[in-house]
Amino acid sequence: MRSESPTATPVVTIPDAPPAFHLLAKPTGAVCNLDCAYCFFLSKEMLYPGSRFRMADDLLETYIRQLLEAHARSPLVTVAWQGGEPTLMGLDFFRRAVELTAQYLRPGQRAEHTMQTNGTLLDAEWAAFFREHDFLVGISIDGPRDLHDAYRVNKGGQGSFDQVMRGLGFLQEAEVEWNALTTIHAANAGHGRAVYRFLRDECGARFVQLIPIIERVSEASDDGSVPWASWRDRPLYVQEGTYVTNRSVSAEQYGRFLIDVFEEWVRHDVGEVYVQLFDVALANWVGEPPSLCIHSETCGLALALEHTGDLYCCDHFVEPAYRLGNIRETHMLELVASQRQRQFGLDKRDTLPSTCLECDVRFACHGGCPKDRFLATPDGEPGLNYLCAGYKAFFHHVDRPMRYMAEQLRRGHAPAEITARYRDEDTRRGRNSPCTCGSGRKWKHCHGSAVGRTA
């Protein structure tokens with residue numbers, strides 16, 4: 001490792017280091033003011049017994065300095081915060097983070113600040129701070145009240161919907177840029193269109209991330225029940241086991257949810273509402289690198305930093321076997337560029353079973369996230385993704401519209417032109433015809449219902 005100091009901060013150079021990567025910093029560790037039933041991360045408190053679960057001031061500065069040094073070749077650096085619940089740190093911590101970022105920015109370098117939060121502690125002061133410093137804020141919301149409150153509860157077991165909507169209101173009033181982080185689980189899996197319409201119409205969401213809940217366990221009853229109500233009540237969650245809890249979405253449910261949302265989105269919202277997975281799929285159909293590691297050929301460029309300075313291979317692998325080191329002892333770029341981390345990323349491609357290698361939608365799927373590859377293929381080969389059936393159903397369903405939108409992009413036209421094509425086809429569709437989503441319901445009772453946005 002070689003350092004030079006031509007300006008305020010040194011240029012850290014490591015052979016073959018990536019010019020950029022994404023790092024989620026967890027200043028409160030796993031500590032949260034909610035007790036969401038499906039949140040496996042709550043158990044990560046066990047990694048640090050006796051900890052105060054607050055990132056120290058000197059570590060904050062070390063983190064910011066190293067992050068900007070590690071991105072010396074990149075004009076844009078993302079300073080991303082997550083939890084647990086990061087707002088428990090208080091505003092002064094993030095004011096200091098913004099100050100340090102400005103202090104260590106190199107000439108020609110720009111920073112963007114992001115935070116993922118449950119939204120329950122936000123108020124006008126938080127919103128004003130976010131607006132002043134152009135934060136992008138991700139809000140966790142799982143749909144209308146009954147679906148959201150099914151699992152997203154406080155420590156007293158009460159739903160958090162009202163508190164989340166109140167926090168979102170402060171962001172909207174201050175015109176803070178935000179996106180919806182929506183988990184798909186057993187409670188809302190059968191309500192894809194309703195969840196999407198709620199996010200779009202009631203919340204005003206224009207950026208949506210859909211995240212499948214898969215609680216992997218080593219043992220469970222036949223109905224998927226486990227002997228604990230919260231991840232606080234069980235041993236440390238690690239990526240082991242071939243069972244899932246009954247809160248988890250099934251592969252078939254996940255595929256159906258995505259199709260349900262897509263059929264609404266493609267008719268009304270292309271170019272207006274950005275659903276992350278749909279953008280990622282289109283990138284793969286066009287042949288461009290997708291923005292999401294899950295459906296990229298390799299991974300390893302999305303890491304997690306704990307409140308202690310421990311750096312982990314991935315946010316989904318915050319467990320002892322995947323701890324790379326501590327940034328107090330080793331510069332983060334050296335850890336990111338380590339052979340161990342490189343191999344972690346390459347394994348996503350190199351450990352695919354033959355079933356995946358021969359699959360017709362491999363180009364769009366790339367095997368999904370390694371954390372979910374715990375099934376065996378029909379031939380008995382390990383490494384099949386738990387969501388395989390859902391991915392196949394979705395990618396096959398969207399093949400025709402994705403091909404059309406990809407061709408529009410190649411011609412220099414807007415993908416949103418597909419909306420007019422769907423509108424034309426829909427005018428010729430009988431009200432009693434089967435819905436195009438494949439649900440088996442009549443068109444008039446499904447995506448042809450008048451509840452959707454007027455085209």
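Described in the following lines is the structure provided in the data block. Values in this document were obtained by computation on a predicted structure and should not be read as measured data. (Residues numbered from 1 in each chain as written. Predicted model: local features only at pLDDT ≥ 70, side-chain atom pairs only at ≥ 80, totals over all residues. Heavy atoms only, no water.)

1. Overview of the pattern of salt bridges
Here is the rule we go by: One speaks of a salt bridge when a side-chain nitrogen belonging to Lys or Arg is within 4 Å of a carboxyl oxygen belonging to Asp or Glu. The way it works is that DSSP assigns letters per residue, a run of H or I at least four long becomes a helix, a run of E at least two long becomes a strand, and they are numbered from the N terminus. For every residue, the accessible area (1.4 Å probe, protein chains only) is compared with the maximum for its type, and the residue is labelled buried under 20%, exposed over 50%, or partly exposed between those bounds.
Following the criterion strictly, the structure yields 25 salt bridges and no others. The residue Glu-69 makes a salt bridge to Arg-65 at a minimum N-O spacing of 3.4 Å. Of the two residues, Glu-69 and Arg-65 are both situated in helix H1 (residues 57–70); the distance of four residues between them amounts to about one turn of the helix. By relative accessible area, Glu-69 is classed as buried at 2%. Its relative accessible area of 26% is what places Arg-65 among the partly exposed residues. Connected through shared salt-bridge partners, Arg-197, Arg-200, Asp-201, Glu-264 and Asp-269 make up one network.

2. Concerning the nonpolar core
The nonpolar side chains of soluble globular proteins are, as a tendency, buried together. Heads up, the rule is: Put simply, buried Ala, Val, Leu, Ile, Met, Phe, Trp, Tyr and Cys residues joined by side-chain atoms within 4.5 Å make one nonpolar core.
Counting 108 residues, the largest nonpolar core has Tyr-63, Trp-81, Phe-130 and Trp-265 as the members making the most contacts within it. Of all the elements, helix H7 (residues 251–268) adds the most residues to this core, at eight residues. Grouped together as the second largest cluster of nonpolar side chains are 13 residues, Cys-36, Leu-42, Tyr-151 and Tyr-237 included.

3. Some words on helix H13 (residues 388–397)
For an α-helix the count is 3.6 residues per turn, leaving residues at separations of three or four pointing the same way. Test applied: Throughout, the arc means the angular range of directions from the helix axis out to the C-beta atoms. Any two residues whose heavy atoms approach within 4.5 Å at even a single point are treated as in contact.
Among all positions of H13, only Cys-388, Gly-390, Tyr-391, Phe-394 and Phe-395 are buried. Axial view of H13: buried residues confined to an arc of 160°, hence all on one face. At its buried positions, H13 is contacted by H7, helix H8 (276–286), helix H12 (362–365), strand S16 (382–384) and helix H14 (399–410).

4. Topic: the side chain of Thr-117
Just so we agree on the cut-off: By the criterion applied in these results, polar contacts are pairs of N or O atoms within 3.5 Å in which, for protein atoms, one can donate a hydrogen and the other can accept it, and in which residues neighboring in sequence qualify only through two side-chain atoms.
Positionally, Thr-117 belongs in strand S5 (residues 110–117). For Thr-117, the side chain forms a polar contact with the main-chain nitrogen of Gly-119, separated by 3.0 Å. Filtering out sequence-adjacent residues up to four positions away, Thr-117 remains in contact with Glu-85, Thr-87, Leu-122, Val-137, Gly-138, Ile-139 and Ser-140.

5. Some words on the packing of aromatic side chains
The line we're drawing: Any two rings among Phe, Tyr and Trp, with Trp reduced to its six-membered ring, count as a pair given centres within 6.5 Å; such a pair is stacked if its planes are under 30 degrees apart, edge-to-face if over 60, and tilted if neither. Note on criteria: charge over ring means Lys NZ or Arg CZ within 6 Å of the ring centre, with the direction from the centre no more than 35 degrees off the ring normal.
Summed over all chains, the structure comprises 28 aromatic pairs. Arranged with centres 5.4 Å apart and planes meeting at 85°, the rings of Trp-81 and Phe-94 form a pair that is edge-to-face. With a gap of 13 residues between them, Trp-81 in strand S4 (residues 76–81) and Phe-94 in helix H2 (residues 91–104) connect regions that are remote in the sequence. By relative accessible area, Trp-81 is classed as buried at 1%. Pairing Phe-278 with Phe-394 gives two aromatic rings, centres 5.8 Å apart and planes at 20°, and the pair type is stacked. Here the residue Phe-278 occupies a position in helix H8, and Phe-394 occupies one in helix H13, the gap between them amounting to 116 residues. Following the ring pairs from residue to residue traces out a cluster consisting of Tyr-254, Phe-262, Trp-265, Phe-278, Trp-285, Phe-363, Tyr-391, Phe-394 and Phe-395. Positioned above the aromatic ring of Phe-41, the side-chain terminus of Lys-26 is 4.1 Å from the ring centre. In this structure, Arg-429 is placed above the aromatic ring of Trp-443, and the distance from its NZ or CZ to the ring centre is 5.0 Å.

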